[in-house]
Amino acid sequence: MEQRASASLWEWANPVKFLRLTEWLLPWVSWGAAICLAVGLVWGFFFTPDDFRQGSTVKIIYLHVPAALMAINIWIMMLAASLVWVIRRHHVSALAAKAAAPVGVVMTLIALVTGALWGQPMWGTWWAWDPRLTSFLILFLFYLGYVALWEAIENPDTAADLTAVLCLVGSVFALLSRYAVLFWNQGLHQGASLSLDAEENVHDVFYLPLLVCIAGFVLLFVALLLLRTRTEIRARRIKALMARERMG
């Protein structure tokens, strides 16, 4: 039974089946992302009170926290896809990792910019070499390096192998970005806004719309991932056809 389920799962690594499934799935995910983002952002920005210390700047949380969570988890998703490529040599997984990287670049940039906008009134500075901020900046540079490495290498299999190694190394900084405040007590950055410990969570008036925004960001990433992976598969097919024509 387990072998049959495993075989059924790997069937979706077939590009034809992947394209067929995502053609049906993509509109639903896209609409879900649009609805969650619209509801979450409008709810958060216009129907929640100002914080007694931070004022209206606290509402940056609805962009900063989802973007930061996605920046870290997109890299982890890229690591998982890269490991599938290294172990099973499924091209769809390598192309999915490649497709996710530019989205991760944007999410990390949003997190860095909104973090600076949020932190400046509280810290009195736009930037500090805080453990979490520094590890996040390094993660951003790893994202840029990952994208550049794919573009620099002509052979796609070689590019997938080398970027998989880079992804493994960068995962250290992805984890540091998430848990730096637990490893080092010094630093300006606050603790986690979301936690299993109810006492560490933000107040419910901010917490509920924040969850909706996070759901919107997750669905937005999935929609962009499916769309970009479909594009990468088609681009790979076109290159293969052009190579055959030149050989013929």
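In this text the structure is predicted, and so the values were computed from the model without any measurement.

Asker: Looking at this model, I keep getting lost on the layout of surface pockets. Mind explaining?
Answerer: Over the atoms, a rolling probe the size of a water molecule traces out where space has been left empty. Taken as a whole, the second largest pocket spans an internal volume of roughly 520 Å³. Taken together, 17 residues line the second largest pocket, and the ones lying closest to its centre are Glu154, Asn155, Pro156, Arg236 and Lys239. Contributions of two or more residues to the lining of the second largest pocket are made by α4 (91-123), α5 (131-152), α6 (156-183) and α7 (204-247). At eight residues, α7 tops the list of elements feeding residues into the lining of the second largest pocket. Among the residues making up the lining of the second largest pocket, the classes are represented as eight nonpolar, one polar and eight charged.

Asker: How should I be thinking about the packing of aromatic side chains in this particular structure?
Answerer: Each aromatic ring pair is summarised here by two numbers: the centre-to-centre distance and the angle between the ring planes. Under the counting rule described, the total for this entry stands at four aromatic pairs. Both rings, one in Trp75 and one in Tyr143, keep their centres 4.8 Å apart while their planes meet at 85°; by these two values the pair is edge-to-face. With Trp75 in helix α3 (residues 61-88) and Tyr143 in helix α5, this pair connects stretches of sequence that are 68 residues apart. The two residues Trp75 and Tyr143 agree in class, both being buried. Note on Trp75 and Tyr146: the rings are 6.0 Å apart at their centroids and 70° apart in plane angle, and the pair reads as edge-to-face. On the criterion of sequence distance, the pair formed by Trp75 in helix α3 and Tyr146 in helix α5 is long-range, its members being 71 residues apart. Within the aromatic cluster, the residues linked to one another by ring pairs are Trp75, Phe142, Tyr143 and Tyr146.

Asker: Looking at this structure, how should I read a nonpolar patch on the surface?
Answerer: Residues Trp31, Ile35, Val39, Val42, Trp43, Phe45, Phe46, Phe47, Leu208 and Leu211 make up a contiguous nonpolar surface patch of about 1000 Å² in total accessible area. Sorting the residues of the nonpolar patch by element identifies α2 (15-46) and α7 as the ones contributing at least two each. For the nonpolar patch, the element with the highest residue contribution is α2, accounting for seven residues. With respect to the helices, strands and loops of the structure, Val39 is situated in helix α2.

Asker: I would appreciate a short explanation of the pattern of salt bridges in the present structure.
Answerer: Should their charged atoms come close, side chains of opposite charge can pair. All chains considered together, the criterion is met by three salt bridges. A salt bridge links Arg89 to Asp161, with the shortest nitrogen-to-oxygen separation between them at 3.0 Å. Taken as a pair, Arg89 in the loop between α3 and α4 and Asp161 in helix α6 lie far apart in primary sequence, 72 residues in all. For the salt bridge of Asp157 with Arg236, the shortest nitrogen-to-oxygen distance reads 3.5 Å. One end of the pair, Asp157, is in helix α6; the other, Arg236, is in helix α7, with 79 residues separating them in the sequence. Since its relative accessible area comes to 29%, Asp157 is described here as partly exposed. You can call Arg236 partly exposed: its relative accessible area is 29%.

Asker: For this particular structure, what's the right way to read the side chain of Thr48?
Answerer: In this structure, Thr48 sits in the loop between α2 and α3. Looking at Thr48, its side chain comes within polar contact range of the main-chain oxygen of Gly44, at 2.4 Å. Once residues within four sequence positions are removed from consideration, Thr48 is found in contact with Trp43, Lys59, Tyr62, Val205, Phe206 and Pro209.

Asker: What is the right way to look at empty space enclosed by the protein in this model?
Answerer: Going through the model one piece at a time under the given rule, you end up with one cavity of 30 Å³ or more. Considering the residues around the largest cavity, the lining is formed by Ser82, Trp85, Ala94, Ala97, Tyr146, Trp150, Ala160 and Thr163.

Conventions we followed
- Residues take numbers from 1 onward in each chain, read along the sequence in its written order.
- Predicted model: local features are reported for residues with pLDDT of at least 70 only, side-chain atom pairs are reported and counted for 80 or more only, and whole-chain, interface and lining totals are derived from all residues.
- Each side-chain value is worked out from all heavy atoms of the structure, with water and hydrogens disregarded.
- Cavities and pockets were defined on a 1 Å grid built from protein atoms only: a cavity is a group of points that admits a 1.4 Å probe but offers it no way out, a pocket is an open group of points flanked by protein on both sides within 12 Å along at least five of seven lines, and a lining residue is one with an atom within 4 Å of any such point.
- Grid points are joined across faces, edges and corners, and a volume is the space filled by probe spheres set on the points.
- Here a strand is any run of E in DSSP of at least two residues, a helix any run of H or I of at least four, and the numbering for each starts at the N terminus.
- All residues other than Ala, Val, Leu, Ile, Met, Phe, Trp, Tyr, Cys, Pro, Asp, Glu, Lys and Arg, Gly among them, are scored as polar; the first ten of these are nonpolar and the last four charged.
- Pairs were defined over the aromatic rings of Phe, Tyr and Trp, the Trp ring being its six-membered one, requiring ring centres within 6.5 Å. Orientation was assigned from the angle between planes: stacked under 30 degrees, edge-to-face over 60, tilted for the rest.
- Exposed residues in this analysis have more than 50% of their type's maximum accessible area, buried residues have under 20%, and partly exposed residues fall in between, with area computed by a 1.4 Å probe over protein chains only.
- Patch membership requires over 30% relative accessible area and the absence of a salt bridge. Like charges are linked within 9 Å, and nonpolar side chains (Val, Leu, Ile, Met, Phe, Trp, Tyr) within 5 Å.
- Using the Shrake-Rupley algorithm and a 1.4 Å probe, accessible areas are obtained, with residue cover drawn only from the displayed protein chains.
- Salt bridge, as used here, is a side-chain nitrogen of Lys or Arg placed within 4 Å of a carboxyl oxygen of Asp or Glu.
- Think of a polar contact as two N or O atoms within 3.5 Å of one another; within protein, one of them needs to be a possible hydrogen donor and the other a possible acceptor, and neighboring residues in sequence only count if both atoms come from side chains.
- The contact definition used throughout considers only heavy atoms, calling two residues in contact when any of these lie within 4.5 Å.

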